Amino acid sequence: MPELPEVETVRRGLQPVMEGARFAKVEARRGDLRWPLPKDFAARLENQKVQGLGRRAKYLLADLSSGDVLLMHLGMSGSFRVFQGERKSTPGKFHHDRSEHLAHDHVIFHMGNGATVTFNDPRRFGSMKLVPRSKLDEEPLLRSLGPEPLGNAFDAASLASACQGKKTSLKAALSDQRIVAGLGNIYVCEALHRARLSPKRRAATIADRRGAPNGRAQHLVEAIKTVLNEAIAAGGSSLRDHRQTSGELGMFQHNFRVYERAGKRCTNKGCTGTVKRIVQTGRSTFFCPVCQK
Ligand SMILES: [Zn+2]
């Protein structure tokens with residue numbers, strides 16, 4: 001499942017061909033993605049201009065001249081391919097392979113500037129939805145999302161306050177999209193390792209009784225922002241040369257310090273521990289039991 005850095009990398013890859021361009025023709029080859037596309041999907045897009053391509057958590061939001069917003073989610077296995085003249089690219093470097101099988105090309109955007117943007121999704125957990133801009137605040141997919149981790153609203157005070165009194169683990173709290181949006185298994189593990197906090201620690205222990213942040217909350221927020229920014233930078237660097245990227249493993253995975261590194265030496269300075277894998281709420285957690293307290 002792509003996390004925030006992958007989606008942001010995809011957004012940056014699509015932005016140059018979609019922003020300011022018009023949908024000339026839209027092909028919806030399969031309407032049954034995670035939920036059905038609206039019947040008038042193509043008609044509501046065609047001839048509309050993309051005024052901006054933004055992101056909220058793991059959703060891409062294309063702001064259209066009609067007043068609609070096109071919400072796009074990659075699901076488990078979705079990806080976009082861009083064709084522009086001779087140039088072809090698959091924006092986004094992913095930890096898991098992307099498919100390029102034509103049978104899984106479900107939606108094709110022919111842009112007025114000559115670019116073609118193809119949405120491919122073998123498992124069809126991805127989704128697209130049209131929402132009037134005026135109803136965006138009430139949109140159920142977005143309504144309950146917590147703050148953007150790279151935004152100013154996400155800081156030690158807001159995270160501590162969200163974790164106040166929480167008996168669940170820090171791993172579970174950070175994976176909860178209502179507490180902070182866009183983090184998944186990989187970046188939660190990586191951030192906790194950098195902050196030297198145990199994934200098993202009770203979430204409430206980053207706040208005092210009144211919900212004020214302590215040093216742990218400060219370190220954790222810094223670690224989350226750093227790891228996300230580094231991952232986005234790694235994805236971005238691979239986009240610049242417009243290589244065929246499908247199927248290659250991502251750049252940032254070479255920077256994983258704990259994720260899928262069970263049995264390897266801890267890389268935290270001064271630590272001689274070994275990375276361990278445990279299971280929390282059905283998902284693998286990787287951490288160093290020596291320096292993560
Ligand atoms: Zn360690």
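So, a few notes on the structure that sits alongside this text. (Residues numbered from 1 in each chain as written. Predicted model: local features only at pLDDT ≥ 70, side-chain atom pairs only at ≥ 80, totals over all residues. Heavy atoms only, no water.)

### Quick look at the coordination of the zinc ion
(1) Moving on: In the first shell of the zinc ion, the protein supplies Cys266 (SG), Cys271 (SG), Cys288 (SG) and Cys291 (SG), at 2.3 Å from the metal.
(2) Moving on: In this structure, the zinc ion is coordinated by four donor atoms arranged in tetrahedral fashion, with angles at the metal of 105 to 112 degrees.
(3) Moving on: One chain supplies every donor for the zinc ion, spaced along it as C-x4-C-x16-C-x2-C.
(4) Moving on: With a relative accessible area of 0%, Cys288 lands in the buried category. (Donors = N, O, S within 2.8 Å, 3.2 Å for Na, K, Ca; no water. Tetrahedral: all angles 85-135°; square planar, octahedral: opposite > 155°, others 65-115°. Buried < 20%, exposed > 50% of the residue type's maximum accessible area, 1.4 Å probe, protein only.)

### Quick look at the pattern of salt bridges
(1) Moving on: On inspection of all chains with the given rule, the structure shows 14 salt bridges.
(2) Moving on: Notably, a salt bridge pairs Arg11 with Glu8, separated by 3.0 Å at the nearest N-O pair. With Arg11 and Glu8 both in helix H1 (residues 4-18) and three residues apart, the pair spans about one turn of that helix. When sorted by exposure, Arg11 lands in the same class as Glu8, which is buried.
(3) Moving on: Close ionic contact of Glu8 with Arg55 constitutes a salt bridge, the shortest N to O distance being 2.7 Å. Of this pair, Glu8 sits in helix H1 while Arg55 sits in strand E2 (residues 50-56), and the two are 47 residues apart along the sequence. For the pair Glu8 and Arg55, one class covers both residues: buried. (Salt bridge = Lys/Arg side-chain N within 4 Å of Asp/Glu carboxyl O. Helix = DSSP H or I, 4+ residues; strand = E, 2+ residues; numbered from the N terminus.)

### Looking at the sheet that holds strand E4 (residues 68-73)
Note: strands within a sheet are paired through backbone hydrogen bonds, in either parallel or antiparallel orientation.
(1) Moving on: Here four strands make up an open sheet; going across it, the order is E2-E3-E4-E9 and the pairing antiparallel. Two strands lie at the open edges of the sheet, namely E2 and strand E9 (127-132), each paired on one side alone. Each strand of the sheet is rotated relative to its neighbour by a mean of 20 degrees, with strand direction disregarded.
(2) Moving on: Sheet topology note: the E2/strand E3 (residues 59-64) ladder contains six bridges and is antiparallel. Bridged to Gly54 within E3 is Leu61.
(3) Moving on: Contacts between H1 and the sheet are confined to E2 and E3, with E2 contributing the most and set at about 175 degrees to the helix. (Pairing = 2+ DSSP bridges. Axes fitted to C-alpha atoms, helices over the stretch in contact; angles between N-to-C directions. Contact = heavy atoms within 4.5 Å.)

### Let's talk about the nonpolar core
(1) Moving on: Grouped together as the largest cluster of nonpolar side chains are 37 residues, with contacts concentrated most on Leu159, Leu174, Leu183, Tyr187, Leu220 and Ile224.
(2) Moving on: Contributing elements (two or more residues each) for this core: helix H4 (156-163), helix H5 (170-175), helix H6 (185-194) and helix H7 (215-239).
(3) Moving on: In terms of residues, this core owes the most to one element, H7, which gives nine residues.
(4) Moving on: Apart from residues lying up to four places away in sequence, Leu159 is in contact with Phe154, Leu174, Ile179, Ile206, Leu220 and Val221.
(5) Moving on: In terms of nonpolar packing, the next biggest core, distinct from the first, is built from 30 residues, Met18, Ala21, Leu60 and Leu130 among them. (Core = buried A, V, L, I, M, F, W, Y, C linked by side-chain atoms within 4.5 Å.)

### Remarks on the pairing of strand E11 (residues 283-287)
(1) Moving on: Within E11, four of the five residues are buried, leaving the element largely enclosed by the surrounding structure.
(2) Moving on: Pairing between strand E10 (residues 276-280) and E11: five bridges, direction antiparallel. Bridge assignment links Lys276 to a residue of E11, and that residue is Phe287.
(3) Moving on: Turn length for the E10-E11 hairpin, with the two strands adjacent in sequence and antiparallel, is two residues, and the turn residue Thr281 shows positive phi of about 40 degrees.

### Section: the packing of aromatic side chains
(1) Moving on: Counted by the stated rule, this structure contains four aromatic pairs.
(2) Moving on: With a centroid separation of 4.9 Å and 70 degrees between ring planes, the pair formed by Phe23 and Phe109 is classed as edge-to-face. Linking Phe23 in strand E1 (residues 23-28) with Phe109 in strand E7 (residues 105-111), this pair joins segments that are 86 residues apart in sequence.
(3) Moving on: Taking 5.3 Å as the distance between ring centres and 70 degrees as the angle between the ring planes, the aromatic pair formed by Tyr259 and Phe286 counts as edge-to-face. (Phe/Tyr/Trp six-rings, centres within 6.5 Å; stacked < 30°, edge-to-face > 60°.)

### Let's talk about H4
(1) Moving on: Inspection of H4 places Ala156, Leu159, Ala160 and Cys163 among the buried residues, and these make up the whole buried set. Down the axis of H4, the buried set is contained in an arc of 100 degrees. They therefore lie on one face.
(2) Moving on: Immediately downstream of H4, the backbone of Gly165 shows phi near 75 degrees, a positive value. (Arc of directions from axis to C-beta.)

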